[in-house]
Each structure stands twice: as structure tokens, then as C-alpha cells.
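What follows is the residue order along each chain.
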Amino acid sequence: MRALLSGAALCALAAMTGFAAHAQAPADGGRVEAGYVTPRTSFGHPDLQGVWSNSSNTGLTRPSQFKSLIMTPDEAREAQARNPSNIRQKTDDNQSLADGLLDGKDLAAGRGYNAFWIDPGTSYALVKGTYRTSWIVEPDNGQIPFTAEARKLMAAERAARGTGYDNPEERSLGERCIIGFGGTGGPPMMNVLYNNHYQISQSPDHVVITVEMNHDARIIPLRGKHRPDVLAPYLGDSVGYWDGDTLVVETINMNPLQAIGNTRAPLTAKGKITERFTRYNDRQILYEFTVEDPVMYSQPWRGEMSLNALGEPIYEYACHEGNYGLEGILAGGRNDDKKGVSRERALGEEG
């Protein structure tokens with residue numbers, strides 16, 4: 001069972017208090033909806049606090065069926081109606097309760113979950129008033145500009161990880177409940193199959209982003225200094241500052257075992273990720289990110305996403321409670337060893 005977030009992890013940061021007077025924010029490069037007045041905290045900072053979601057049919061890269069970044073409302077509705085995830089959520093492959101929808105029999109078909117358990121979003125993202133086919137806005141093709149060296153490094157990493165059945169370390173970080181799968185914790189913070197909630201809390205000298213999956217907390221000091229390079233934590237070493245009404249967060253020294261999103265591509269020692277958070281209106285935060293790494297990418301690449309306000313709490317993601325999947329995977333491997341059966345690679349997609 002998942003318990004309601006108590007907030008204990010955030011209590012170490014003082015003065016995380018509510019709303020105060022409003023101040024007019026300039027429409028900086030379209031980052032703020034025309035005429036919107038940015039709310040302020042009691043200590044004068046733009047107020048980003050609340051629970052937000054990036055659930056969406058839109059993903060990091062642009063699928064081949066889309067030829068441009070922006071869709072018209074009619075095109076977005078048509079794409080939404082055709083989206084396989086939306087169809088599955090409506091029909092769950094045409095199962096009904098009378099078919100035993102909740103009894104788990106569909107697991108034999110090779111699926112980990114039926115649609116009752118997933119929450120990936122049901123519409124394409126509305127970002128700065130336009131419907132988007134990808135989070136990536138630069139390069140124009142909506143794809144990650146990997147270098148040849150990056151592809152070699154990713155291939156070597158895959159080859160070095162073994163069968164996936166011999167050691168816990170061969171399984172992905174998400175499967176092992178170390179960080180969320182698919183890059184949900186960021187940076188940049190990606191939407192995944194479920195648990196796409198984020199809670200932002202602020203104090204005068206810190207911003208905390210609590211990530212629903214895996215219940216991580218990004219504690220970001222403002223006007224701080226990066227830690228020594230020898231420290232390379234999961235989710236990276238982040239520091240923030242205010243640029244007008246935009247919170248800018250710069251992250252370096254991400255743990256080399258952590259990939260960006262679902263790419264299997266880590267950030268090298270030469271890399272940096274810059275995130276920008278701006279209240280677009282009462283319902284959305286404009287979340288922008290730029291990824292730079294001359295080893296991995298032929299150019300910096302940039303994305304834009306909307307974080308949408310939710311009128312509900314964030315819950316604890318208790319990943320290991322009653323989780324016997326890893327034990328079962330390794331036990332299956334040992335059983336194959338006894339039988340002399342060779343095993344194919346079956347590693348998860350996330351890093």
C-alpha cells in the first residue's frame with residue numbers, strides 16, 4: 001500500500017510558506033501568458049509551489065508520423081483518437097469487468113499491467129498555447145543529436161551489462177527501485193507510464209522538487225555552489241538562481257549509471273543540463289530544458305514542457321513493499337542454469 005505523503009522529508013527546510021501579494025510579470029519571450037500576474041511567496045519569490053503533472057501523449061522525441069512540432073487543435077484531437085495508449089485505456093484490449101479485467105489473467109499475455117494500473121495521460125501537450133508532438137524543440141526534427149562516439153559508448157554499455165539474470169546490478173536502476181524509470185526524476189524530468197506527479201516546495205534559499213516515482217526529492221540550493229566533482233549523485237548536482245521570474249537550475253556531475261530519459265545515454269563530465277521553470281498561468285508551469293555535452297551530442301538540444309496543476313496530493317511510491325520481481329528474475333536465471341538453458345538478454349529499457 002502507498003501512504004499519503006507526510007512531508008517529513010521536506011521539514012528540514014524551513015519557512016516553506018504560502019502565498020502573498022501578486023506582482024505583474026513581463027511576458028518574457030512567450031514564457032508567460034499575456035496579461036498573467038505571477039503570484040509571489042511571502043518572501044517575495046515567484047510562487048511555483050503545488051502539485052504538478054507532466055502526464056501526456058507527448059514524449060521526448062517526435063514520432064515519425066508527425067512532420068512538425070506544432071499541431072492545430074483539430075489535428076491534436078485526431079491524433080489523440082488514434083493514439084494506441086488512449087485506445088488501450090478506453091478498451092484495455094476489449095476486456096471488460098465480466099472478462100476478469102482485474103484478476104491478472106492478462107499477465108500471461110506478456111504484459112506487466114492491464115490498463116487499470118496505468119496513467120500516462122490521454123491528450124497531447126498544450127505548451128505556450130500550442131499542441132506539441134514532442135518535448136524537443138531544437139533540433140527542428142525533434143530528435144536527439146547523438147554523436148558517433150555516443151553511439152559507441154551506448155553499445156559498449158549494453159554489451160557490458162550481461163544477460164540481466166545473473167546479478168542484481170544487471171537490472172535497470174528503475175527495476176531496483178533506486179530512481180524512477182524513464183528519467184522521471186530528471187533532469188530533464190520526463191513523463192512515463194504512471195506516477196507523473198511532482199510537488200514543488202520553496203523556502204528563501206532552497207527549492208525542493210519531490211518526485212512521485214521513486215519518491216525522490218531534488219533539494220536545490222539557491223545561490224549555492226556545486227559540490228566537488230568527485231561527488232556524482234543520482235539526479236545530479238543541481239544549483240539554482242532566479243532570473244527575473246524564472247527559476248534557473250543548472251545540473252552537472254550526474255551519476256554515470258543514470259541515463260537521460262530512456263536513452264541509455266549518460267551525461268559525461270563535460271555535460272550540463274539547464275532547466276527553467278516559469279509560471280505561465282495559474283494552471284501551468286512552463287518547464288524548459290537544455291542539454292549540453294560535446295562528447296554525447298553534436299549540438300545542444302532543447303525542450304519545452306508544461307507542468308499542469310493538480311488539485312490532489314502526491315502519494316508515497318513505496319517501490320519495494322511486497323516487490324518480489326527481482327528475486328523471481330534471479331531465481332529463474334538459476335533455474336535455467338540447472339537445466340543448462342541459455343538466456344537471452346532481457347534488460348529493462350531505462351538506465
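Computed from a prediction, not measured in an experiment: that's the story for all the values here. (Residues numbered from 1 in each chain as written. Predicted model: local features only at pLDDT ≥ 70, side-chain atom pairs only at ≥ 80, totals over all residues. Heavy atoms only, no water.)

(A) Representation of the overall build of the protein chain. Each helix and strand counted, the protein chain has 4 helices and 15 strands in total. Every one of the 351 residues in the protein chain was classed for burial, and the buried ones make up 48%. (Helix = DSSP H or I, 4+ residues; strand = E, 2+ residues; numbered from the N terminus. Buried < 20%, exposed > 50% of the residue type's maximum accessible area, 1.4 Å probe, protein only.)

(B) Layout of the nonpolar core. Ranked by size, the top nonpolar core spans 39 residues in total, and within it Ile-209, Phe-277, Tyr-297 and Trp-301 carry the most contacts. In terms of residue count, the dominant contributor to this core is strand β14 (residues 284-292) (5 residues). Among residues more than four places away in sequence, those in contact with Ile-209 are Met-189, Tyr-198, Gln-199, Ile-200, Asp-216, Ala-217, Arg-218, Ile-220 and Phe-277. Ala-115, Met-213, Tyr-317 and Cys-319 belong to the second-largest nonpolar core, a separate cluster that totals 8 residues. (Core = buried A, V, L, I, M, F, W, Y, C linked by side-chain atoms within 4.5 Å. Contact = heavy atoms within 4.5 Å.)

(C) A look at the environment of Gly-325. On the secondary structure map, Gly-325 appears in helix α4 (residues 325-339). Residue class for Gly-325 comes out partly exposed when judged on its relative accessible area of 32%.

(D) The arrangement of the sheet that holds strand β6 (residues 130-132) in detail. Here we have 3 strands laid out as an open sheet, ordered β4-β6-β5, and antiparallel in their pairing. Each edge of the sheet is formed by a strand with only one pairing partner; in this case those strands are β4 (70-71) and β5 (126-127). Bridge count between β4 and β6: 2 bridges; the pairing is antiparallel. Note on β6: the bridge partner recorded for Met-71 is Tyr-131. (Pairing = 2+ DSSP bridges.)

(E) Expanded view of unusual backbone geometry. Cis geometry marks the peptide bond from Glu-138 to Pro-139; its omega dihedral reads 10 degrees. Between Met-213 and Asn-214 the backbone carries a cis peptide bond, its omega angle lying at 5 degrees. With respect to the helices and strands, Asn-214 occurs in the loop between β9 (206-211) and β10 (216-221). Even without being glycine, Cys-177 reaches a positive phi, approximately 60 degrees. Positionally, Cys-177 belongs in the loop between α3 (148-160) and β8 (197-202). Positioned with a positive phi, Asn-195 is a non-glycine residue whose angle comes to about 60 degrees.

(F) Structural detail: the pattern of salt bridges. A complete count under the given rule lists 14 salt bridges for this structure. The partner of Arg-279 in a salt bridge is Asp-282, and the shortest N-O contact between them spans 3.6 Å. Classification of Arg-279 by relative accessible area gives buried; the value is 5%. Salt bridges here are not isolated pairs; linked through shared partners, they connect Lys-128, Arg-132, Glu-138, Arg-302 and Glu-304. (Salt bridge = Lys/Arg side-chain N within 4 Å of Asp/Glu carboxyl O.)

(G) Here's a closer look at the layout of surface pockets. Here the second largest pocket is characterised by a volume of approximately 480 Å³. Surrounding the second largest pocket, 23 residues form its lining, Ser-56, Asn-57, Thr-58, Gly-59 and Asn-83 being those nearest its centre. Broken down by secondary-structure element, the contributors of at least two residues to the lining of the second largest pocket are α1 (73-82) and α2 (84-91). Element by element, the count of residues in the lining of the second largest pocket is highest for α2, at 3 residues. Here the residues of the lining of the second largest pocket sort into 10 nonpolar, 11 polar and 2 charged. (1 Å grid on protein atoms, 1.4 Å probe; cavity = no way out; pocket = protein on both sides within 12 Å on 5 of 7 lines; lining within 4 Å. Points joined across faces, edges and corners; volume = space filled by probe spheres on them. Nonpolar A, V, L, I, M, F, W, Y, C, P; charged D, E, K, R; others polar.)

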